[in-house]
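Structural overview
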Amino acid sequence: MRESDLIFQLLDISKNVPLTEIDMAESMAVTFHPEHQRTERLDTFAQNLKTNLINIGVEVLPFKDALNENGKIRPGIVIFEQGEGKDKDLAIKKVSTLYDNPIVGILEGELQIPDQPNLQETLNSIVSVLAWNLVHVPLFVQKNGWTICTMNGSVIKCKNWMSSANDVLHSLVPKLSAQVVPPKREKIVYRNNKFDAQKEGYNTFIEDFMSAAKIWRDNGLMLAHTSIDDLTYRNRFYKRVVSQFLDQRTGMSYGFMVKQLPVDVEPAIEKSSAPDFLKSHDWDHNPMVEFNDDFYAKFHRLDTEWFVKIPDVWLLSTRSGCNKTNLNPRKDILKLGLHKGNITIETPVDGASETCRPSYDTYAIIAHALGNIIAASIILATDSNSEFPTILKKNGLSISHWHGYPNKEYPLSGYAIHGEENPPVSCSTPQSAAYAFMGKLKSLDLSKHSLKKYRGDIH
């Protein structure tokens, strides 16, 4: 049983999520929409791309075979759309739903961005292309290379597209197989206007949020809020499509700040001293067992098998879509949890509950928090005075995410770095949650000789 199965079960995600590039490719079905524009370069690139997809195990369907009886493209099929089409001909008008058919635009030329752009200017250029063409991933084809862009600001430069199998498998497939979709609202338990930070004694944490927002505003690491009103659309219908895709959010923001609240972590139980109900459980078929209203999971870390009690998880989190560098402390911070097996959101007393939608990063946030608890439990069993579980129990932990990479010339003492070997999926995907969760546990083995001073991880 994979460790990822546990996090998928806790988050109510299908266990059939592919985690390797090969598995992603073999689980994909794609089709090529009739061409809007034809040039020798685009035609040759598209044919070469089709050949490489087939060679790595992707199912490539003729367009007519991808349609259902209503003339719509069947759910789950990725659509490649060549050239910039007329409004009435765009693939977006043929999809079953906005979330079930990723659309890849194949465009000739370069992404139009300013000279020496900063991250924000690059992001704005990409999002403008997405809004105008209504595609999820645009590919730009040049004479001697091609570029993959995504809605989170990623720009991947690939070399000679005549021999692109490696780039297709390791760069393009993960962006298409791992879909960027927020948790469905009906899967969330809402407690509207129940969170009052002052009454619950969280004023110090709120002040920390405000200080962090200022730091991000000053250093420019956090990409700014992108309002859908600032984008250019072909017509009102296409603006409504973008709004619906964003679950009626007013815009997009990139990253999050979260405070994992203090939790009474219990030491993990070593297998040799575990009670019978844990030893006798069929761990090969179920990654979790319930006993007296408590949940337990098994892990093999630090050359030992451990049983860990899984408590409820609670966090304070920035509201999805808010401006992370200019927070309103009474409206932009909510309470998020995994409570009695349900993802739960308590909206702020002064906020409009309808604006508190589940973040695209909800799964990743909770996966990080669960991983912290499990890591702390195992560390606590090896040394009751270790720093990490002590901090989590007394003060809670910070979990922050932005689009950048750590500078390895300036390592942070006590922090394990992991994740470079993972496929480059977008951060708002089930795969990202799994990699975060498994990476937390891997970081224990990476730090096993200095667990007493272990302080956390960088994913």
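Presented here is an overview of the structure given in this document. (Residues numbered from 1 in each chain as written. Predicted model: local features only at pLDDT ≥ 70, side-chain atom pairs only at ≥ 80, totals over all residues. Heavy atoms only, no water.)

A look at the overall build of the protein
Check the secondary structure of the protein and you find eleven helices and 21 strands. At 23 Å, the protein has a C-alpha radius of gyration in line with the 23 Å of a compact globule built from 459 residues. Principal-axis analysis of the C-alpha atoms places the extent of the protein at approximately 70 × 50 × 45 Å. Relative to its 459 residues, the protein shows a buried fraction of 53%. Counting contacts in the protein only where the partners sit at least 6 residues apart, residues at least 24 apart contribute 72% of the total. With an accessible surface of roughly 21500 Å², the protein has 48% of that area assigned to carbon and sulfur atoms. (Helix = DSSP H or I, 4+ residues; strand = E, 2+ residues; numbered from the N terminus. Rg over C-alpha atoms; globule rule 2.2 N^0.38 Å. Buried < 20%, exposed > 50% of the residue type's maximum accessible area, 1.4 Å probe, protein only. Contact = heavy atoms within 4.5 Å. Areas by Shrake-Rupley, 256 points an atom, 1.4 Å probe, with all protein chains shown as cover.)

Structural notes on the sheet that holds strand 13 (residues 288-291)
Note: strands within a sheet are paired through backbone hydrogen bonds, in either parallel or antiparallel orientation. Taken in spatial order, the four strands make up an open sheet running 12-15-14-13, and their pairing is antiparallel. Only two strands of the sheet have a single partner each, and these edge strands are strand 12 (269-270) and strand 13. Sheet topology places strand 14 (residues 294-301) next to strand 15 (residues 304-310); seven bridges connect them, and they run antiparallel. Paired with F299 across the strands is W306, a residue of strand 15. Contacting strand 13 and strand 14, helix 1 (residues 3-10) runs over the sheet at an angle of about 155° to strand 14. Each of strand 14 and strand 15 is contacted by helix 9 (residues 362-382), which is oriented at about 125° to strand 15, the strand it contacts most. (Pairing = 2+ DSSP bridges. Axes fitted to C-alpha atoms, helices over the stretch in contact; angles between N-to-C directions.)

Examining the side chain of N101
Position of N101 among the secondary structure elements: in the loop between strand 3 (77-82) and strand 4 (103-108). Among the polar contacts made by the side chain of N101, one reaches the main-chain amide nitrogen of S96 at a distance of 3.2 Å. Those residues within four positions of N101 in sequence are excluded, and the remaining contacts are I73, R74, P75, G76, I77, I79, V95, S96 and H136. (Polar contact = N/O pair within 3.5 Å; in protein donor to acceptor, adjacent residues only side chain to side chain.)

A few points about the nonpolar core
Counting 85 residues, the largest nonpolar core has L49, F80 and L139 as the members making the most contacts within it. Among the elements that line this core, the one with the most residues is helix 9, at twelve residues. Listed in part, the 25 residues of the second largest apolar core include A91, I103, C149 and V180. (Core = buried A, V, L, I, M, F, W, Y, C linked by side-chain atoms within 4.5 Å.)

Points about the environment of K72
Locating K72 in the fold gives a position in the loop between strand 2 (59-61) and strand 3. Residue K72 is classed as partly exposed on the basis of its relative accessible area of 33%. For K72 and R217, which are 145 residues apart along the polypeptide, the C-alpha to C-alpha distance reads 44 Å. Setting aside anything within four residues of it in sequence, one finds K72 in contact with A66, L67, K93, K94, V95 and S96. Polar side-chain contacts of K72 include one of 2.7 Å to the backbone oxygen of K93.

Description of the pattern of salt bridges
For the structure on display, the rule yields 24 salt bridges. A salt bridge links E387 to R455; its shortest N-O distance comes to 3.6 Å. Taken together, the positions of E387 in helix 10 (residues 387-394) and R455 in the loop between helix 11 (430-446) and strand 21 (456-458) put the pair 68 residues apart, joining distant regions of the chain. Judged by relative accessible area, which is 30%, E387 ranks as partly exposed. Connected through shared salt-bridge partners, E3, R301 and D445 make up one network. (Salt bridge = Lys/Arg side-chain N within 4 Å of Asp/Glu carboxyl O.)

Description of the packing of aromatic side chains
One pass over the full model with this rule turns up ten aromatic pairs. A ring pair is formed by F277 and F291, whose centres lie 3.8 Å apart and whose planes are at 10°; its orientation type is stacked. Of the two residues, F277 sits in helix 8 (residues 276-279) while F291 sits in strand 13, which places them 14 residues apart along the sequence. Seen from their ring centres, F388 and Y454 are 5.2 Å apart, and the 70° between their planes marks the pair as edge-to-face. On the criterion of sequence distance, the pair formed by F388 in helix 10 and Y454 in the loop between helix 11 and strand 21 is long-range, its members being 66 residues apart. Cluster of aromatic residues (ring-pair linked, three or more members): F45, W146 and W161. The ring centre of F32 lies 4.9 Å from the NZ or CZ of K50, which sits over that ring. The residue whose ring lies beneath K335 is W314, and the NZ or CZ to ring-centre distance is 5.1 Å. (Phe/Tyr/Trp six-rings, centres within 6.5 Å; stacked < 30°, edge-to-face > 60°. Lys NZ or Arg CZ within 6 Å of the ring centre and 35° of its normal.)

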